[in-house]
Amino acid sequence: MTLTTGTTWDLVLSAPTRRSTRAGGCGMSPRALYQELLYDRVRVVDLRTSAERSAGVLHPDFPLDVVHPAELVAHLVNTPALQPVVLLSQDGTAAAAAADQLRTLGLAQVGYADGGYRAWAEAGLPVLGHTG
């Protein structure tokens, strides 16, 4: 049971989120990721290219690291923060594959954003830059 104040935002944010049906189920919907970011419970690692980021980025108030995919493991190992990490790619495919590979290496607190940046922007969540 969820205790709310009855506002629309309480209903939206406490609604069940769609989790991935992939093996391991480490996917997170854009709305669930937004809620986790609001409460500073996760850190996002943006794996998109600079060309993809030029079309728009998550709002800079959110904890975000921009990392080249080839440097991802080194970044995760050398980052002192103990927060779970959510990988972000343009459409979610590359992030899902990377998260699956990282989980096989034993990095269990790595997930990915279902639908990637595209789904985040389509959901109307905070971004900077052109989103179309």
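Please read all numbers here as calculations on a predicted model, not as lab measurements.

Q: Could you clarify how one ought to interpret the sheet that holds strand E5 (residues 85-88) in this entry?
A: Within a sheet, neighbouring strands are paired by backbone hydrogen bonds and run either parallel or antiparallel to one another. Pairing in this open sheet of five strands is parallel, and the strands run E1-E6-E5-E2-E4 from one edge to the other. Two strands lie at the open edges of the sheet, namely strand E1 (27-28) and strand E4 (64-66), each paired on one side alone. Bridging between strand E2 (residues 43-46) and E4 involves three bridges; their strand directions are parallel. Of the residues in E4, the one forming a bridge with Val45 is Asp65. Taken strand by strand, helix H5 (residues 93-104) contacts E5 and strand E6 (110-113), and its axis lies near 170° from that of E6.

Q: What is the right way to look at the nonpolar core in this model?
A: Looking at soluble globular proteins, one finds that nonpolar side chains tend to be buried together. Counting 16 residues, the largest nonpolar core has Leu33, Leu37, Val44, Leu58, Val86, Leu88 and Trp120 as the members making the most contacts within it. For this core, the secondary-structure elements that each account for two or more residues are helix H2 (30-38), E5 and helix H6 (116-122). With four residues, the single largest contributor to this core is H2. Those residues in contact with Trp120 that lie beyond four places of it in its chain are Pro30, Leu33, Tyr34, Leu37, Leu58, Phe62, Leu125, Pro126 and Val127. Val67, Leu72, Ala98 and Tyr112 belong to the second largest nonpolar core, which has 15 residues in total.

Q: What is the right way to read the environment of Tyr39 from this model?
A: Mapped onto the elements, Tyr39 comes out in the loop between H2 and E2. Each C-alpha atom, one on Tyr39 and one on Phe62, is 10.0 Å from the other, the two residues being 23 residues apart in sequence.

Q: Quick question: what am I supposed to make of the side chain of Arg48 here?
A: Tracing the sequence through the fold places Arg48 in the loop between E2 and helix H3 (50-54). At 3.4 Å, the side chain of Arg48 and the backbone oxygen of Glu52 are in polar contact. Apart from the residues within four sequence positions on either side, Arg48 is in contact with Arg53, Gly56, Val57, Leu88, Ser89, Gln90 and Tyr117.

Q: How should the pattern of salt bridges be read in this particular structure?
A: Once the charged atoms of two side chains with opposite charge are near each other, the side chains can pair. One pass over the structure, following the stated rule, counts four salt bridges. The salt bridge partner of Arg103 is Asp100, with a shortest N-O separation of 3.3 Å. With Arg103 and Asp100 both in helix H5, this residue pair falls three residues apart, about one helical turn. Assessed through its relative accessible area of 25%, Arg103 is described here as partly exposed.

Analysis parameters
- Residues numbered from 1 in each chain as written.
- Predicted model: local features only at pLDDT ≥ 70, side-chain atom pairs only at ≥ 80, totals over all residues.
- Heavy atoms only, no water.
- Pairing = 2+ DSSP bridges.
- Helix = DSSP H or I, 4+ residues; strand = E, 2+ residues; numbered from the N terminus.
- Contact = heavy atoms within 4.5 Å.
- Axes fitted to C-alpha atoms, helices over the stretch in contact; angles between N-to-C directions.
- Core = buried A, V, L, I, M, F, W, Y, C linked by side-chain atoms within 4.5 Å.
- Buried < 20%, exposed > 50% of the residue type's maximum accessible area, 1.4 Å probe, protein only.
- Polar contact = N/O pair within 3.5 Å; in protein donor to acceptor, adjacent residues only side chain to side chain.
- Salt bridge = Lys/Arg side-chain N within 4 Å of Asp/Glu carboxyl O.

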